[in-house]
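Summary of the model geometry
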Amino acid sequence: MGCRLCCIALLFTLCFAADPYVNFELEYSYITVSPLGVPQQVIAVNGKFPGPVLNVTTNYNVVVNVKNKLDENLLVTWSGIQMRRSSWQDGVLGTNCPIPAKWNFTYQFQVKDQIGSFFYAPSLNLQRASGGFGSFIITNRNIIPIPFSPPDGDIVIIIGDWYTRDHKALRKDLDAGKQLGMPDGVLINGKGPFRYNTTYVPDGIDYETINVNPGKTYRVRVHNVGVSTCLNFRIQNHNLLLVETEGYYTSQQNYTSVDIHVGQSYTFLVTMDQNASSDYYIVASPRFVNQSLWQKVTGVAVLHYSNSKGNAAGPLPDPPNDAYDTSYALNQAMSIRQNVSASGARPNPQGSFHYGQINVTDVYLLKSVPPVVIDGKLRATYNGISFKNPETPIRLADVYRVKGDYKLDFPTKPMNRPPKVDTSLINATYKGFIEVILQNNDTVAQSFHMDGYSFFVVGMGFGEWTENNRGSYNRWDAIFRSTTQVFPGGWTAIMASLDNVGVWNLRAENLDRWYLGQETYMRIINPEDHSNKTELPVPSNALYCGALASKQKPQKTSSATTIFRSSEMYLTFMLIFSAVISLLC
């Protein structure tokens, strides 16, 4: 009897100690909207543009069933979510076969030891330029304090440059060797600009209104999901207290405006401390472009106090006046530091990982230049290599011993040879500590993203990077994030500890450069792991393509019979476990 009670107690403990599951259904389809006054087809998620906010908690197991109702292949990637031990779920072509039209696929991953503001979006063929994105928020467990007073509410703001041509038309232009040209506008939460100017903004455009109460403090999460334009974000007469970026708490500083580059996410605390004589402008305006030509490419929304006495009026709040001061933007970027004393997703302080004391094992200098013609096609490159995605996803090719799928010969620095198209990967060292210098000799500001990891942004500068620049690195409280800017004619240095086994995409977040081949992958293998301790096995629902296409079975009937419901499987497991324990006892 005592043994049976112990077994029941053990089962009860296991039931309540396990990390919870949360399930989402995301249906990707086309709808017609007119964000800039012109009817156009966009990619909606669950009929919404942008898609729904996904809210989870640290360490939750996340199950997302994606239904592809588009007329082309789809993959969804989770920008900044580290997918610990499971690059199988990353949602890019190097790690996943695409979801065919009219099929569904269920992603399953754990948001292990993460907090913060992220987003999800399509990763294939410029689809993000037509929508399909939404916010992905990971909140702290209750036992871990946040380093500021709990806000009175949460506000999500999704910004991005926008074309009235859809992703297929933009893709066709790039395939024809053309540049995409100036965007038609900037959207805020999928809507066009408030009519702040009768010359630039036609009448009848629906704009976003953010409703707030006076005296309250809100946590404002801002994502730039655009095509290629850095946007300066500001709220008229309100300070932006920066507290977090892409999963890590920052030293708390007030800004009047912040440059948010493509693919980046920021979290601010904003206190509604102004009088309510009128509404206030929320502005997202382009940076590092010819302002006189790009004036109409400005997103404007309205901050509306509940006791407001009138509409927003007058000129927009000024953007940074630094056309001839390249140091302003760089200094702002480097002023964003890690809050080393705050706990993140775990109780230990963020600064307890002393990255500045770790010996670097591998150094890569990735150089980008303006797109070039290779074999008659316009291509973008890192170190003279324009990446061609393999027919078979990389780790699937490893597991099933597909030969010739890729090469582990990505050069550590630019080579003195003509550019080429190749499937060349970085053969990275498990538990190594890598330094990557991003040298941007292109003419546009770029964003660089690393899947599977966050990295320390240890340095930035203009001109050509040299080894002497290491003397200027921040080796104490550099911000830890997954997407960083690289200014035109400049460099950015990052460092990362490679403890996450898998195959991880390194890419330009600028959609045109990414589409044209400015990416590669890090392949990180633990040679001593023979029991899936450091990498999960191939998922049971994996899709197969390329050399493994014959392994793929057709999907059957309705999604109800094909969706993998982890919570149900978990309950079944616990019932079976209970029965086994009873027999043993």
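Residues numbered from 1 in each chain as written. Predicted model: local features only at pLDDT ≥ 70, side-chain atom pairs only at ≥ 80, totals over all residues. Heavy atoms only, no water.

Another aspect to go through is the overall build of the protein chain. When helices and strands are counted, the protein chain shows six helices and 33 strands. Taking 25 Å as the expected radius of gyration for a compact globule of 585 residues, we find that the protein chain reaches 24 Å, a close match to that expectation. The 585 residues of the protein chain split such that 57% are buried. Pairs at least 24 residues apart make up 78% of the contacts formed inside the protein chain by residues separated by at least 6 positions. When the accessible area of the protein chain is evaluated, it comes to approximately 24200 Å², of which 52% is carbon and sulfur surface. Between the centroid of the 49 positive side chains of the protein chain and the centroid of its 46 negative side chains there is a distance of 5 Å. (Helix = DSSP H or I, 4+ residues; strand = E, 2+ residues; numbered from the N terminus. Rg over C-alpha atoms; globule rule 2.2 N^0.38 Å. Buried < 20%, exposed > 50% of the residue type's maximum accessible area, 1.4 Å probe, protein only. Contact = heavy atoms within 4.5 Å. Areas by Shrake-Rupley, 256 points an atom, 1.4 Å probe, with all protein chains shown as cover. Lys, Arg positive; Asp, Glu negative; His and termini not counted. Charge placed at Lys NZ, Arg CZ, Asp CG, Glu CD.)

Across the sheet, five strands lie side by side as E11-E19-E18-E13-E16; this open sheet has mixed pairing. Looking at the sheet topology across the chains shown, the edges are occupied by strand E11 (209–212) and strand E16 (258–260). Ignoring which end each strand starts from, the neighbouring axes of this sheet average 25° apart. Where strand E13 (residues 231–235) lies against strand E18 (residues 280–286), five bridges are found, and the strand directions are antiparallel. By the bridge assignment, Asn 232 is partnered in E18 with Ser 285. (Pairing = 2+ DSSP bridges. Axes fitted to C-alpha atoms, helices over the stretch in contact; angles between N-to-C directions.)

So, about the confidence of the model for the protein chain. In the predicted model, the protein chain carries a mean pLDDT of 92, and the fraction of residues at 70 or more is 92%. Confidence drops under a pLDDT of 50 for residues 1–17, and excluding neighbours within four residues, the segment shows 13 contacts in the predicted structure. Overall, residues 557–585 carries pLDDT values under 50, and its contacts beyond four positions in sequence, including any with other chains, amount to 35 contacts. (pLDDT = per-residue confidence, 0-100.)

This part is about the layout of surface pockets. Its boundaries defined by the atoms lining it, the largest pocket holds a volume of some 1300 Å³. Looking at the lining of the largest pocket, the elements with two or more residues in it are strand E6 (104–110) and strand E31 (490–497). By residue number, the principal contributor to the lining of the largest pocket is E6, which donates four residues. Along the lines of polarity and charge, the residues of the lining of the largest pocket split into 18 nonpolar, 19 polar and seven charged. (1 Å grid on protein atoms, 1.4 Å probe; cavity = no way out; pocket = protein on both sides within 12 Å on 5 of 7 lines; lining within 4 Å. Points joined across faces, edges and corners; volume = space filled by probe spheres on them. Nonpolar A, V, L, I, M, F, W, Y, C, P; charged D, E, K, R; others polar.)

Right, let's get into the UniProt feature "domain: Plastocyanin-like" (unreviewed entry) in the protein chain. Within the UniProt annotation, "domain: Plastocyanin-like" (unreviewed entry) is assigned to residues 29–142, 154–308 and 392–528. The span residues 154–308 is 6% helix and 44% strand, and its two end C-alpha atoms sit 20 Å from each other. Helix makes up 8% of residues 392–528 and strand 41%, whereas the separation of the span's terminal C-alpha atoms amounts to 25 Å. (UniProt positions renumbered as here; feature names shortened; annotations may be inferred.)

Quick look at the pattern of salt bridges now. Across all of its chains, the model carries 26 salt bridges by this definition. A single salt-bridge network, built from bridges that share partners, covers Arg 128, Asp 451, Arg 507 and Glu 509. (Salt bridge = Lys/Arg side-chain N within 4 Å of Asp/Glu carboxyl O.)

This part is about the nonpolar core. Across soluble globular proteins, nonpolar side chains show a tendency to be buried alongside one another. If you look at the biggest cluster of nonpolar residues, it comprises 103 residues, and the most contacted ones within it are Tyr 28, Trp 78, Tyr 107, Phe 109, Phe 136, Phe 448 and Met 522. Leaving out residues up to four positions away in the same chain, Met 522 has contacts with Ile 426, Ala 428, Ile 434, Met 450, Tyr 453, Leu 498, Gly 502, Val 503, Trp 504 and Leu 506. Val 92, Leu 170, Leu 378 and Val 503 belong to the second-largest nonpolar core, a separate cluster that totals 19 residues. (Core = buried A, V, L, I, M, F, W, Y, C linked by side-chain atoms within 4.5 Å.)

Counted residue by residue, E18 has seven buried out of seven residues, so it is predominantly covered. Here E18 shows two buried faces, one formed by Tyr 280, Ile 282, Ala 284 and Pro 286 and the other by Tyr 281, Val 283 and Ser 285. Both E18 and strand E19 (residues 299–305) contribute to a ladder of five bridges, which runs antiparallel. Pairing of Tyr 281 across the sheet is with Val 302, part of E19.

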